[in-house]
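Structural description and commentary
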Amino acid sequence: MTTFKAMQYGPLGKAVAAAMPHSEADPIGVYAATLSLWSAAVAGKVFQPSGRPTVFWSALVGRTRVGRKGFALATARAVLDPSIGSFLGTRMRKGISSGPSLVTALFEVEQESLTSEEGRDGRVMIAEGEWASVLKRANRDATYHDQLINAWDGEAVVNTTKGKGGKREEQRIDVPLLGYHVHIQPGRWAPLVKPEFALGGAFNRIPHFVVSQSKSLPSSVKRPLDAVKETPALTRAYRWAREKAREMELSPEAADRHDAYRKAFDARMASLPEAVSCFFERGDENLLRIACLLVAAERKTVISVKAWEAAEAMIEYSMACTEQLVNESQQGTGRQMKSVEQIIRESLTRYGGEATRTLILRSLGTRGNADSMEAAIEAMPDVVMEKRAGSAKGGPKPVVVRFVDATREHERPAVQQAQEQTEAEERPKLTVVPPQRKTAATPPPSTKASEPARRTAPRKAAAKKAVEPPKEEGANPLAGLL
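Since the structure is predicted, the reported quantities are computational estimates derived from the model, not experimental observations.

What counts and how
Per-chain numbering applies: the sequence of each chain, read as written, is numbered from 1 onward. Per-residue local features of the predicted model are confined to residues with pLDDT of at least 70, and side-chain atom pairs are confined, for both listing and counting, to 80 or more; whole-chain, interface and lining totals are unaffected and use all residues. Hydrogens and water molecules were not included; the side-chain quantities draw on all heavy atoms of the structure. Surface patches are defined over residues having more than 30% relative accessible area and no salt bridge, joining like charges when they lie within 9 Å and nonpolar side chains (Val, Leu, Ile, Met, Phe, Trp, Tyr) when within 5 Å. Reported accessibility uses the Shrake-Rupley method at a 1.4 Å probe radius. Residues are deemed covered only where the shown protein chains occlude them. For salt bridges, the criterion is a side-chain nitrogen of Lys or Arg within 4 Å of an Asp or Glu carboxyl oxygen. In this tally Asp and Glu are treated as negative and Lys and Arg as positive; neither His nor the chain ends contributes. By convention, the charge on Lys lies at NZ, on Arg at CZ, on Asp at CG and on Glu at CD. Starting at the N terminus, helices and strands are each numbered in turn, a helix being any DSSP run of H or I of at least four residues and a strand any DSSP run of E of at least two. Note: two strands are recorded as paired if DSSP finds a minimum of 2 bridges between them. Two residues qualify as a contact provided that any one of their heavy atoms is within 4.5 Å of a heavy atom in the partner residue. Every axis corresponds to a line fitted to the C-alpha atoms, with the helix fit spanning only the stretch in contact, and the corresponding angles, defined between N-to-C directions, vary from 0 to 180 degrees. Each residue is assigned to one of three classes by its accessible area relative to the maximum for its type, calculated with a 1.4 Å probe on protein chains only: buried under 20%, partly exposed between the two thresholds, exposed over 50%. For this analysis, a ring pair means two rings from Phe, Tyr or Trp (six-membered ring only for Trp) whose centres lie within 6.5 Å, classed as stacked if their planes differ by under 30 degrees, edge-to-face if by over 60, and tilted for the remaining angles. Over a ring means this: the NZ of a Lys or the CZ of an Arg is within 6 Å of the ring centre and within 35 degrees of the ring normal. Should an angle fall under 35 degrees it is taken as roughly parallel, and over 145 as roughly antiparallel, whereas 65 to 115 is taken as roughly perpendicular and any remaining angle as oblique. Two helices that cross are described as forming a left-handed crossing if the nearer one is turned anticlockwise from the farther one by less than a right angle, and a right-handed crossing if clockwise. As a working rule, the residues Ala, Val, Leu, Ile, Met, Phe, Trp, Tyr, Cys and Pro are called nonpolar, Asp, Glu, Lys and Arg charged, and the rest polar, with Gly in that last group. It is the directions from the helix axis to the C-beta atoms whose arc is reported. The quantity called pLDDT is the predictor's confidence in a given residue, expressed from 0 to 100.

Together, Lys136, Arg137, Arg140 and Arg188 make up a region of like positive charge exposed at the surface. Residue placement: Lys136 occurs in helix α7 (residues 131-138).

Our next topic: the pairing of strand β6 (residues 168-173). Inspection of the sheet shows strand β5 (residues 157-162) paired to β6 by 6 bridges, in the antiparallel sense. The residue bridging Lys162 from the neighbouring strand is Arg168, located in β6. Hairpin connection of β5 to β6: 5 residues between the antiparallel strands, including Gly165 at a positive phi of 70°.

Along the polypeptide, His183 turns up in strand β7 (residues 177-184). If near-sequence neighbours (up to four positions away) are discounted, His183 is found in contact with Leu60, Lys69, Gly70, Leu73, Glu128, Gly129, Glu130, Trp131 and Ala132.

Moving on, we come to the sheet that holds strand β4 (residues 123-128). An order of β3-β4-β7-β2-β8 is seen for the 5 strands of this open sheet, with the pairing classed as parallel. Two strands bound the open sheet, and with one partner strand each, they are β3 (92-93) and β8 (208-210). Here 6 bridges tie β4 to β7, and the two strands are oriented parallel to one another. Of the residues in β7, the one forming a bridge with Arg123 is Leu177.

Moving on, we come to the sheet that holds strand β13 (residues 383-387). Either a parallel or an antiparallel arrangement is found when strands of a sheet pair, and the pairing is made through backbone hydrogen bonds. Here we have 3 strands laid out as an open sheet, ordered β12-β14-β13, and antiparallel in their pairing. The open sheet is flanked by β12 (354-356) and β13, the only strands paired with a single partner. Looking at each pair of strands side by side, their axes are set apart by 25° on average, direction ignored. For β13 and strand β14 (residues 399-403), the ladder comprises 5 bridges, and the chain directions are antiparallel. Directly across from Glu386, in β14, lies its bridge partner Val400. On top of the sheet, helix α16 (residues 340-350) reaches β12, β13 and β14; it is set at about 90° to β14, its chief contact. The sheet strands contacting helix α18 (residues 370-379) are β13 and β14, and the helix crosses β13 at an angle near 120°.

With that settled, consider the pattern of salt bridges. Under the counting rule described, the total for this entry stands at 21 salt bridges. Among the ionic pairs, Glu243 bridges to Arg246, the shortest N-O distance being 3.5 Å. Accessibility expressed as a relative area gives 11% for Arg246, which makes it buried. Ionic contacts of the salt-bridge type, sharing partners, join the residues Arg52, Asp153, Arg205, Glu285 and Arg289 into one network.

The next thing to look at is the packing of aromatic side chains. A full pass over the atoms with the stated rule returns 9 aromatic pairs. Aromatic side chains Phe203 and Phe279 sit 6.4 Å apart centroid to centroid with 25° between the ring planes, which places their arrangement in the stacked category. Placement of the pair is Phe203 in the loop between α10 (195-199) and β8 and Phe279 in the loop between α13 (274-277) and α14 (283-296), with a sequence separation of 76 residues. Given the relative accessible area of 1%, Phe203 is considered buried. Looking at Phe279, the relative accessible area reads 8%, which means it is buried. Among the aromatic side chains, those forming a connected cluster through ring pairs are Trp131, Trp189, Phe203 and Phe279. Taking NZ or CZ as reference, Arg350 lies 5.3 Å from the ring centre of Tyr351, over its face.

Once that is clear, we can look at the packing of helix α3 (residues 27-41) against helix α4 (residues 69-84). Two elements in contact, α3 and α4, have axes whose closest approach is 8 Å; the angle formed by their N-to-C orientations is 40°. As far as their axial angle goes, α4 and α3 are oblique. Note that α3 runs across α4; the crossing there is right-handed. Counting all contacts with α3, which are made through Gly29, Val30, Ala33, Thr34, Leu37, Trp38 and Ala41, the residues of α4 involved are Ala72, Leu73, Thr75, Ala76, Arg77, Val79, Leu80 and Ile84. Among the residues forming the contact of α3 with α4, the class breakdown is 11 nonpolar, 3 polar and 1 charged.

The next thing to look at is α7. Buried residues of α7: Trp131, Ala132, Val134, Leu135 and Ala138, and no others. Here the buried residues of α7 occupy an arc of 160° about the axis, which is enough to place them on one side. Next to the buried residues of α7 lie β2 (58-61), β4, α8 (144-153), β7, α9 (186-192) and β8.

Turning our attention to α16. Residues of α16 that are buried include every one of Val340, Ile343, Ile344, Ser347 and Leu348, and no others. Projected down its long axis, α16 shows its buried positions confined to an angular sector of 130°, all on one face. Residues of α16 that are buried make contact with α12 (252-271), β12, α17 (357-364), α18, β13 and β14. Remark: Gly352 follows α16 within two positions and exhibits a positive phi of approximately 85°.

Moving on, we come to the confidence of the model for the protein. Mean pLDDT over the protein: 84, with 80% of residues reaching 70 or higher. Confidence drops under pLDDT 50 across residues 406-416; counting only partners more than four residues distant or on other chains, this segment forms 12 contacts. Predicted confidence for residues 460-466 stays below pLDDT 50, and this span has 0 contacts to residues more than four positions away or in other chains.

Put into structure tokens, the structure is as follows:
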């Protein structure tokens, strides 16, 4: 599993590492919370290369007490508070569990800022220590998750209210600047993170991090976080970031890495069941957001390969945590989500180590398609897909999928193989009888005349009598009367 050291980078990483001797929280949890707070502080000023926002949302998943989720957020605040001034003290919100209340909170903050010296500033940071309580109410509101999605995407959020005299008034924020950080217990995650909302994209914008206590501090240290010092580099970076809007860009080397990652990421998403992939389908963009935030803390606009690699390590860790949560939730119902790779292996084992491409594709059912199957096979070192020689009549060449090691046939129990052989021997065999050549023969006369034939017979006789040839000349014409 990825460690904090692999994802640590720049002034943000150093600040978190310096605070950890004074915290019992998970360092990765502190890092995730710090990035979420930092992203909210520089929202509206730091943008991706595409011009999209860089807000980074996060969810810490850990058991009560031993997860030290609250300690992680408190440590993150201790790291950033000295550097970003009064932002967190004046812009933090919680208890918002409906779409209208979310829009209202953003709208009110933005309206209040219009009279300030700095002008319009709608930055809001939502931090929920009990996300389960929020989700319980929010799942009954059809607009909550949709408004969150719009805010993460940087799209306008709108709410209509009744003003004085019953007149309808519109609350509209064209550019929402929303930070989001939440905590939840693993046992409450499964029943409250509804699949229908996950499939709609509500949760793939919120990377999840499974956290646990890192250490126990001596009880003699009553306020350990008071020892966390200001990081001057972050103070300078915050002032730099707020000066003007800046659009980050990838260095040529980092751009190549990101393009390759996106291609592999798309193949991975296609190979996973939708019930799993829907939780991190925005992983590639979240990676880029993290990288932008890390270099902004350095007062730079170009994302280096090292910054990109640190962001990759963090998002990969998050996706591993999410897949673990999904699988554990399925175990509770007796079901286990299988990847395309697992289904292919099981199918090959069932068919004796080799099967046609069509059979494997049928085994996948709705879990995958031809592209996801081929991508999974390409990533499996012990499985190949190849064309066999065509038939003598020139038919199409069959495509087969097989284990590279043909001895994988032994994975089927010997008893099962013997039973299959016995059944094959006892199965009735069909004998093909060649057709016999027919000899020419006169068909026997029918013993029964057909009904139409019986009805028409007298008429034919009468007709025959009517055309009887005349008698010979000289015969007595009255002979018949004598």
